[in-house]
Amino acid sequence: MYKNTLDYAIQLDKEDKLSYLREEFHIPKDKNGNDWLYFTGNSLGLQPKRTQQYIQQELDDWAKYGVEGHFEGKTPWLPYHEFLTDKMAKVVGAKPLEVVVMNTLTTNLHLLMVSFYQPTQKKFKIVIESDAFPSDRYAVGSQLKFHGFNLEEGLIEWKPREGEELLRIEDLEKIVEEQGDEIALLLIGGVNYYTGQYLDLKRIAEIGHAKNCMVGIDLAHGAGNISPELHDSGVDFAAWCTYKYLNSGPGSLAGLFVHEKHADNKKLPRFAGWWNHNKETRFNMRQPFDVMAGAEGWQLSNPPILSMAAIRASLDMFDEVGMIDLREKSEKLTGYFEYLIQQINTDRIRIITPSNPKERGCQLSIQVKNADKSLHQKLTENNIITDWREPDVIRCAPVPMYNSFQDVFKMVEILKSLV
């Protein structure tokens, strides 16, 4: 049982075998030199101290070798994306064949839908969750329009029930059972950006595949946060960004997953570029296009090395620690955070994120009565960095890589004084 005291939080930090990781990050400070209480790793992760070294290495090799850095550098640029593959695959629970780092999230979703959204006049509808992140809604809407379908008819929303915030899997099952013959694709956020709800990916895949629908997952709020076990889930594809929980820097590259069952299907329609052409003949410029197997077959262009260097710095940390230990701390840290918030005697706020640790990552979404944004503003004035999402939620993410139990205790003490 948790205790609501600073001494207890200090003791938890002493017992935390991952507490040393905090020193591996740059923690923003206020004007007095005190650490911010940073709870927005779900929006932009903090910078690992080693990132500068990794990027500097590539700058040095560029200065030293010029174009020969593609072959002569300490980490040659030509195969650079391959240095990320195994470690990224471990983070998302996939085989290396199924994963590649490339482009940005929405770009990857579009490229994947070129292959996996193949509508017919009868089977053309797309299912998303009703409160999907706007870019997902825009992406699937534009795909429908591109293929000549009416948005109002082609887009199906999986909604929470009246008076509820969370999605029920049986409601998705009903949608697909009733309309599955007309549904071509399910594109679902694996962890909802607003509520923090972590959905059952394997069950979603089973529901979609039972009606011959393709199933894709947006893991923007999942990668580095939960363990999605993408290969075992059976979903057809997934994509995610790396600048949130994967701490790769603002606007950095994204990741992409294509299930092994599609690895050798060269008949899948796709856009082509020279980086998804057979690497053995890629530089023989006059060869016909020969698509690579696996997720690499969705690449288009040679990658931006400086961005990948930042991703490599972070992935090396994830590989050293492992998702098992990170998830163990995450569940305990978020559980303590939840306990402390529940000790506040007020009807002004409530947590809408699932209470079951297996149905959430580290984010807790605090709903504020009457959509009162002033509470969030006062937190900011007290150097507590959270973020506000319309219409009425403060999102808080105690990230196990760098947040401490004392962070959580101090944050809730200030929150309590404000409400």
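In this text the structure is predicted, and so the values were computed from the model without any measurement. (Residues numbered from 1 in each chain as written. Predicted model: local features only at pLDDT ≥ 70, side-chain atom pairs only at ≥ 80, totals over all residues. Heavy atoms only, no water.)

A. Structural context of the overall build of the protein. When helices and strands are tallied, the protein shows 14 helices and 13 strands. Against the compact-globule benchmark of 22 Å for 419 residues, the protein has a radius of gyration of 22 Å, which places it among compact chains. Overall, the C-alpha framework of the protein stretches about 70 × 60 × 30 Å when taken along its three principal axes. Expressed as a percentage of the 419 residues in the protein, the buried residues total 56%. At a minimum sequence separation of 6, the contacts of the protein that also span at least 24 residues come to 70%. Total accessible area on the protein is roughly 18,500 Å²; 49% of this is exposed by carbon and sulfur atoms. (Helix = DSSP H or I, 4+ residues; strand = E, 2+ residues; numbered from the N terminus. Rg over C-alpha atoms; globule rule 2.2 N^0.38 Å. Buried < 20%, exposed > 50% of the residue type's maximum accessible area, 1.4 Å probe, protein only. Contact = heavy atoms within 4.5 Å. Areas by Shrake-Rupley, 256 points an atom, 1.4 Å probe, with all protein chains shown as cover.)

B. Structural detail: the environment of D86. Relative to the elements of secondary structure, D86 occurs in helix α4 (residues 82-92). Accessibility expressed as a relative area gives 46% for D86, which makes it partly exposed. On a C-alpha basis, the gap between D86 and G148 in space is 39 Å, while along the polypeptide they are 62 residues apart.

C. Inspection of the sheet that holds strand β12 (residues 387-389) at higher detail. Taken together, the four strands give an open sheet; going across it, the order is β9-β10-β13-β12, and neighbouring strands pair in antiparallel fashion. This sheet does not close on itself; its edge strands, each paired only once, are β9 (349-351) and β12. On average, each strand axis in the sheet is inclined to that of its neighbour by 30°, with strand direction left out of account. Where β12 lies against strand β13 (residues 393-396), three bridges are found, and the strand directions are antiparallel. From the neighbouring strand, W388 faces β13, where its bridge partner is I394. Packed on one face of the sheet, helix α13 (residues 374-381) meets β9, β10 (364-368), β12 and β13 and runs near 35° to β13. (Pairing = 2+ DSSP bridges. Axes fitted to C-alpha atoms, helices over the stretch in contact; angles between N-to-C directions.)

D. Main features of unusual backbone geometry. Cis geometry is adopted by the peptide bond preceding P391, which originates at E390 and carries an omega value of 10°. Following the sequence through the fold, P391 ends up in the loop between β12 and β13. Backbone geometry at E229 places phi at a positive 45°, although glycine is not the residue there. Within the secondary structure, E229 is located in the loop between β6 (214-218) and α10 (230-233). Assessed through its relative accessible area of 38%, E229 is described here as partly exposed. Even without a glycine there, the phi angle at N383 is positive, about 60°. On the secondary structure map, N383 appears in the loop between α13 and β11 (384-385).

E. Representation of a nonpolar patch on the surface in the model. A grouping of L59, W62 and L306 is seen on the molecular surface, where their side chains present a nonpolar patch of about 290 Å² in accessible area. Positionally, L306 belongs in helix α11 (residues 305-321). (Patch = residues over 30% accessible without salt bridge, like charges linked within 9 Å, V, L, I, M, F, W, Y side chains within 5 Å. Salt bridge = Lys/Arg side-chain N within 4 Å of Asp/Glu carboxyl O.)

F. Highlighting the nonpolar core. By size, the foremost hydrophobic cluster in this structure holds 65 residues, and its most contacted members are V127, W158, L186, L230, W240 and M401. With nine residues, the top contributor of residues to this core is α11. Membership of the second largest hydrophobic core comes to 31 residues, among which are L105, F116, V140 and L268. (Core = buried A, V, L, I, M, F, W, Y, C linked by side-chain atoms within 4.5 Å.)

G. Structural detail: the side chain of N403. Looking at where N403 falls in the secondary structure, it is placed in the loop between β13 and α14 (405-418). Side chain to side chain, N403 and D407 meet in a polar contact 3.1 Å long. (Polar contact = N/O pair within 3.5 Å; in protein donor to acceptor, adjacent residues only side chain to side chain.)

H. A look at the packing of aromatic side chains. Within this structure, the stated rule accounts for 16 aromatic pairs. Geometrically, the ring pair formed by F39 and F337 is stacked, given 5.8 Å between the ring centres and 20° between the ring planes. Of this pair, F39 sits in the loop between β1 (37-38) and α2 (51-65) while F337 is found in helix α12 (residues 323-342), placing the two residues 298 residues apart along the sequence. For the pair shown, F39 and F337 are each scored as buried. Ring centres 5.3 Å apart and planes at 20° place the aromatic pair F116 and F237 in the stacked group. Residue F116 is found in helix α5 (residues 105-116), and its partner F237 is found in strand β7 (residues 237-241); the two are separated by 121 residues along the sequence. You can call F116 buried: its relative accessible area is 2%. What links up through ring pairs into an aromatic cluster is the set Y2, Y8, Y336, Y339 and F405. When the ring centre of W298 is taken as reference, the NZ or CZ atom of R270 above it lies at 4.0 Å. Lying across the ring of W275, R282 places its NZ or CZ 4.2 Å from the centre. (Phe/Tyr/Trp six-rings, centres within 6.5 Å; stacked < 30°, edge-to-face > 60°. Lys NZ or Arg CZ within 6 Å of the ring centre and 35° of its normal.)

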